[in-house]
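Tertiary structure, described
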Amino acid sequence: MLGNVKLRHFEAFLALAEDTHFGRAASTLGIAQPALSHQIQALEHILGVTLFERTRRSVALSPAGAALIPAARRAVASAEQAVNDAHRYSRGETGTIEIMYSASIAYSGVLQEAIGGFRAALPDVRLNIREGTLERQVTALLESRADIGFMRPTLPRGDGLDSHVIRREKILLLLPAAHPLAQRDTVDLADCRDETFIIPDQPPEVSFHRHTLELCSNAGFVPRIGREVRDWVTITSLVALRMGFALVPASLTCVALPGVAFREIRANNVLADIALVHRSGDQTPPVSAFLRHVRAHFHDADWVSD
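What you are looking at is a predicted structure, and each value in this text was computed from that prediction instead of being measured. (Residues numbered from 1 in each chain as written. Predicted model: local features only at pLDDT ≥ 70, side-chain atom pairs only at ≥ 80, totals over all residues. Heavy atoms only, no water.)

1. Some remarks on the overall build of the protein chain
Across its full length, the protein chain holds nine helices and 13 strands. Relative to the 2.2 N^0.38 estimate, which gives 19 Å for 306 residues, the radius of gyration of the protein chain is 32 Å and therefore markedly larger than a compact globule would have. Projected onto its principal axes, the C-alpha positions of the protein chain cover 105 × 40 × 35 Å. Once local pairs closer than 6 in sequence are excluded, the contacts in the protein chain between residues at least 24 apart make up 74%. Of the accessible surface of the protein chain, which amounts to about 15600 Å², a share of 51% is contributed by carbon and sulfur atoms. (Helix = DSSP H or I, 4+ residues; strand = E, 2+ residues; numbered from the N terminus. Rg over C-alpha atoms; globule rule 2.2 N^0.38 Å. Contact = heavy atoms within 4.5 Å. Areas by Shrake-Rupley, 256 points an atom, 1.4 Å probe, with all protein chains shown as cover.)

Written out as structure tokens, the structure is:
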């Protein structure tokens, strides 16, 4: 029987309980008085109790009616909250976003700018953030285990993902501070042809593995590759130990370990891209809100489709 109680029954009951006048209560609800009478009678029938004591001149709550008021108010408030929650989610103000990033992105400040600003604007959206290689991010995005990826391209084509470059930064030469080339303000990469290069542990077509091959090729030589290392702090440490040189993003200068020097590369116009990647097509409202925020923060003119 209780399953037949509708929200409109409680709304009618509360309107009449507050006004104790059928005409005024019906006007408040925007319905005809007979319709209000029908709603009250239906609720009394469903509950099997008399909610109002009626005479020709007055309407008063019965004891059962007075007892029902708190529960009826909770039911109406809960329904209103549900509607509000649905509207907030549809506007992207609540929900969850799964975000992944490549390790080197953390040094650039992009994560702090994008995520910090979004959290300040929409604090009720839950952000689950974890680090992952480009390959892991792509897999997670395609399998819907991630919504947003911050990575350094290149991505495979035709894979159902959209990529937008949100920042480009210089590529610097990282070398031991005691090396003679470190005494120069800028270094011609051709002068490094006899050196060993330490690179990230990535496929040759990806990020700084690709940049190292490309820039050395532009300088007229094939680099001698030494260690392939998982993270940038280890790369910096190995350079400090004079184990080799490395080509690195300019943002890595924040990891200025003793014994290393960062130098600009002469006549180099190759830049390292940072991209935001997401699945093509429709997005959940919170993900759409995140994309709008990042696009506005990094400016439409800098939002480049890769």
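2. A look at the side chain of Ser-62
Structurally, Ser-62 can be placed in the loop between strand E2 (59–61) and helix H4 (63–90). The class of Ser-62 is buried, set by a relative accessible area of 4%. Within the structure, the side chain of Ser-62 is placed 2.4 Å from the backbone oxygen of Thr-50, a separation counted as a polar contact. Setting aside its immediate chain neighbours within four residues, Ser-62 contacts Thr-50, Leu-51, Phe-52 and Glu-53. (Buried < 20%, exposed > 50% of the residue type's maximum accessible area, 1.4 Å probe, protein only. Polar contact = N/O pair within 3.5 Å; in protein donor to acceptor, adjacent residues only side chain to side chain.)

3. Section: the environment of Thr-196
Mapped onto the elements, Thr-196 comes out in strand E8 (residues 196–200). Judged by relative accessible area, which is 22%, Thr-196 ranks as partly exposed. In the structure, Thr-196 is positioned 28 residues away from Arg-224 in sequence and 5.1 Å away in space, judged by C-alpha atoms. Setting aside anything within four residues of it in sequence, one finds Thr-196 in contact with Arg-224, Ile-225, Gly-226, Met-243, Gly-244 and Phe-245.

4. As for unusual backbone geometry
Its identity as a non-glycine residue notwithstanding, Thr-20 has a phi of 50°, on the positive side. Within the fold, Thr-20 resides in the loop between helix H1 (7–19) and helix H2 (22–29). Its identity as a non-glycine residue notwithstanding, Ser-144 has a phi of 60°, on the positive side. Mapped onto the secondary structure, Ser-144 falls in the loop between helix H6 (134–142) and strand E5 (148–151).

5. Regarding the side chain of Arg-152
Mapping Arg-152 onto the fold places it in the loop between E5 and strand E6 (161–176). Looking at Arg-152, its side chain comes within polar contact range of the side chain of Ser-104, at 2.7 Å. Within the structure, Arg-152 has its side chain in polar contact with the side chain of Glu-169 (distance 2.7 Å).

6. Digging into the packing of aromatic side chains
By the definition in use, this model includes six aromatic pairs. Relative to Phe-52, the ring of Phe-13 has its centre 5.6 Å away and its plane inclined at 55°; by these criteria the two rings are tilted. Here Phe-13 is found in helix H1, whereas its partner Phe-52 is found in strand E1 (residues 52–54), with 39 residues between them in sequence. For Phe-52, a relative accessible area of 1% corresponds to the buried category. (Phe/Tyr/Trp six-rings, centres within 6.5 Å; stacked < 30°, edge-to-face > 60°.)

7. Things to note about the nonpolar core
If you look at the biggest cluster of nonpolar residues, it comprises 35 residues, and the most contacted ones within it are Ile-171, Leu-173, Leu-189, Cys-192, Phe-197, Leu-247 and Val-248. At the level of elements, E6, E8, helix H7 (207–218), helix H8 (232–240), strand E10 (246–249) and strand E11 (260–265) are the ones that each hand at least two residues to this core. For this core, the element with the most residues is E6, which contributes five residues. When residues no more than four places from it in sequence are discounted, the contact partners of Leu-173 are Val-187, Leu-189, Cys-192, Phe-197, Phe-245, Ala-246, Leu-247, Ala-261, Phe-262, Arg-263 and Ile-265. Formed by 23 residues, the second largest nonpolar core is a distinct cluster that contains Ile-99, Val-110, Phe-150 and Ile-166. (Core = buried A, V, L, I, M, F, W, Y, C linked by side-chain atoms within 4.5 Å.)

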